[in-house]
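Now for the letters of each chain:
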There are 2 protein chains.
Amino acid sequence: MRSEFEFIQHIKKKYALKHIGDDCAVLPKDDKTDMVITADLLVEDIDFRLDWTTAKFLGHKALAVSLSDIAAMGATPKWAMLSIGVPEKLWNSDFLDEFYEGWHDLAKEFGVELIGGDISRVLDKIVIDSVLSGEVPKGKAILRSVAKPGDAIYVSGELGGAAAGLELLKNGLRNSEKLNSAELKLIRAQLAPTPKKGFVFQTFGVAAMIDLSDGLSSDLAHICSASGIGAKIFSETLPINSNFGSLDLSSEKKLDLVLNGGEDFELLFTVDEKKISPEFLTEFHRIGEATANVGIIELINAGETVVLEPKGYRHF
Amino acid sequence: MRSEFEFIQHIKKKYALKHIGDDCAVLPKDDKTDMVITADLLVEDIDFRLDWTTAKFLGHKALAVSLSDIAAMGATPKWAMLSIGVPEKLWNSDFLDEFYEGWHDLAKEFGVELIGGDISRVLDKIVIDSVLSGEVPKGKAILRSVAKPGDAIYVSGELGGAAAGLELLKNGLRNSEKLNSAELKLIRAQLAPTPKKGFVFQTFGVAAMIDLSDGLSSDLAHICSASGIGAKIFSETLPINSNFGSLDLSSEKKLDLVLNGGEDFELLFTVDEKKISPEFLTEFHRIGEATANVGIIELINAGETVVLEPKGYRHF
């Protein structure tokens, strides 16, 4: 079965769509500024479950996923269009008021203005489409396609937390004060993630960047594919989520969550280390290097090298 | 139960959202240009039925509804973001290829470029969110809120066709060469409407404008509410769809379709007739006048005046 990534490539080629293929489309705005824009569709029982989350967390997350795409371009978020379809039973409740409250609290923090959208009835499952724009100085959007062999590969923070939170929810745990602090943090990482702010990366001359939404193995494969490079990752350098210690997980499972778990909304970027301030880089985690081995991601784990296949989230 | 229009007003007020309340949001782009942008959510079995339409018609209509919002601002369409959620059984078919073909054929005609969007799996019903931007010369977007008492009220074309087509579909007729020409035209008006181009209206100095998506009675009420005016409509001047002649419909039913049937995607506008070329207006249908009777729409029908309540489409 073709994946959604393959279908998007097919449509891009068939209709010669030159703006498609990065976290955001980049369009000229005025003489000094480019606009970036992204869309994220969230579907009940595919992307979230109402018995796991709250209306407020859902509003927060609907914006967070798009803020992360804007950050991945090194851009500053500006305005949003929010479309939502809700069934009648939720319309006649506080659901939408709480949803917009969660959305708006995060929007305020990131300086985002809601300028439009649509509201529709659905028969059953909620659906949300979050469209968010941002701005960067002209020509300064950070693309996926400009990584070069020899670049170092960094991630902006700890990995695997959101996926571990998802496992806890699947195992029956719920967001509640009864949980221990580590469990609660992991579940919150899944339900109400806090995205990075991206403009700093633009200032410091990062080369290529993508946000970690599908999972490290898949998102790194996107950079490799767009840039025509390969990569080498050292498993002992991967920043495992610091709350994993209190979980009863094998080291294989932890590595799987870190490599293939999605929705951490950290940033994955490459840099030419000779061109960038070492002080800037101390904030982040160096996990490997870009190589000329086009399309191949090598994982060096306990002295052994294996080829890492993209196993992050796919819809199809 | 509060309508979606009331809820949008509530959110607009609660969060002081100044760009919400017209067919599109209007944002500054550069020194000479404003950008307008709209979102339309289409949900299977609410807005369309797969046993009534085709994937190609659906792609066409997903863009058409948004093109009409752009036209209502007097703007020229530019780029689109298209998000779609499809169930697995349709993913493994030609559905999406045909959907994008229908979308793209209309996009080509209107000069629209697809720059992004999202593709997701859904468990059951298809959902589409169509986001479309356009451009107008700075300060020239045509708003709903600037109609004045004394303005004449015009519509850009015949009314009731799409709603009559919907009735035919509900009665079991299907888009097929077996239908007579009038039936086929009405069903096509419902399934694959052709929106107007709006920039001409901007050039000729139209005052207020809205597109007829919910239905004349509701959309005129939106202009009255936004402009703080009333209106008087003369039923004998209403341009009834010319294919109605061959249908077995009472004159009451025809009037109901014209007044309350949605999705004709004609434009409803007001003009100060002293300020506009009479030749421009000969192309359109004068149906009434704006009054100072705030919030009241009078319908003059066979010598009698009745108050016209908004009975167009509502989700809630």
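Reference entry: report on the structure contained in this document. Since this is a predicted model, take the numbers as computed values, not measurements.

With respect to the sheet that holds strand β5 (residues 127-137) of chain B
Residue and element names in this part refer to chain B. The five strands lie next to each other as β1-β2-β5-β3-β4, forming an open sheet whose pairing is mixed. On the outer flanks of this sheet lie β1 (25-28) and β4 (113-121), each paired with one strand and no other. Strand-to-strand twist across the sheet, computed as the mean angle between neighbouring axes with direction ignored, equals 20 degrees. Contacts from helix α4 (residues 95-110) reach β3 (76-86), β4 and β5 within the one sheet, and its direction differs from that of β3 by about 170 degrees.

A short note on the packing of aromatic side chains
Evaluated as defined, the whole model comprises 24 aromatic pairs over all chains. With centroids separated by 5.6 Å and ring planes inclined at 85 degrees, the aromatic side chains of Phe99(B) and Tyr100(B) adopt a geometry described as edge-to-face. There is no split in this pair, since Phe99(B) and Tyr100(B) are both buried. Geometry around Trp91(B) places Arg2(A) over its ring, the cationic atom sitting 5.4 Å from the centre.

Points about the interface of chain A and chain B
Often, the extent of an interface is quoted as the loss of accessible area upon association of its parts. The partner chain B presents 62 residues to the 62 residues of chain A that form the contact. Buried area between chain A and chain B, summed over both chains or domains, comes out near 5,300 Å², and the portion from carbon and sulfur atoms is 66%. Inspection of the region where chain A meets chain B yields four salt bridges. The tally of links from chain A across to chain B stands at 15 residue pairs in polar contact (both at pLDDT 80 or more). Of all the elements in the fold, those that place two or more residues in the side of chain A that touches chain B are α1 (4-14), β1 (25-28), β2 (33-43), β3 (76-86), α3 (88-91), α4 (95-110), β4 (113-121) and β5 (127-137) of chain A. With nine residues, β4(A) is the single largest residue contributor to the side of chain A that touches chain B. Its residues assigned to classes, the side of chain A that touches chain B comprises 32 nonpolar, 13 polar and 17 charged.

Rules and cut-offs
All chains use their own residue numbering, which begins from 1 and follows the written sequence. Key to labels: chains lettered from A, ligands numbered from 1, both in the order written. Per-residue local features are limited, in this predicted model, to residues with pLDDT of at least 70; the limit for side-chain atom pairs, both in listing and counting, is 80 or more; totals at the level of whole chains, interfaces and linings are taken over all residues. To obtain the side-chain values, all non-hydrogen atoms of the structure were used and water was disregarded. Note: two strands are recorded as paired if DSSP finds a minimum of 2 bridges between them. Only runs of H or I of at least four residues qualify as helices and only runs of E of at least two qualify as strands under DSSP, and these elements are numbered from the N terminus. As a rule, the C-alpha atoms of each element are fitted with a line to give its axis, helices using only the stretch in contact, and angles between N-to-C directions run from 0 to 180 degrees. Throughout, a contact is declared for two residues whenever any of their heavy atoms are within 4.5 Å. Planes of paired rings set the category: under 30 degrees apart is stacked, over 60 is edge-to-face and the rest tilted, where pairs are Phe, Tyr or Trp rings (Trp by its six-membered ring) whose centres lie within 6.5 Å. Accessible area is worked out with a 1.4 Å probe on protein chains only. A residue is then buried under 20% of its type maximum, exposed over 50%, and partly exposed in between. The criterion for a charge sitting over a ring is simple: Lys NZ or Arg CZ within 6 Å of the ring centre, and within 35 degrees of the ring normal. Take the accessible area each of two parts loses on contact, using a 1.4 Å probe, and add the two losses: that sum is the buried area. Only one rule defines a salt bridge in this text: a Lys or Arg side-chain nitrogen within 4 Å of an Asp or Glu carboxyl oxygen. Pairs of N or O atoms are called polar contacts if they sit within 3.5 Å, as long as, within protein, a hydrogen donor faces a hydrogen acceptor (for residues adjacent in sequence, only side-chain-to-side-chain pairs). We call Asp, Glu, Lys and Arg charged. Ala, Val, Leu, Ile, Met, Phe, Trp, Tyr, Cys and Pro are nonpolar, and the rest, Gly among them, are polar.

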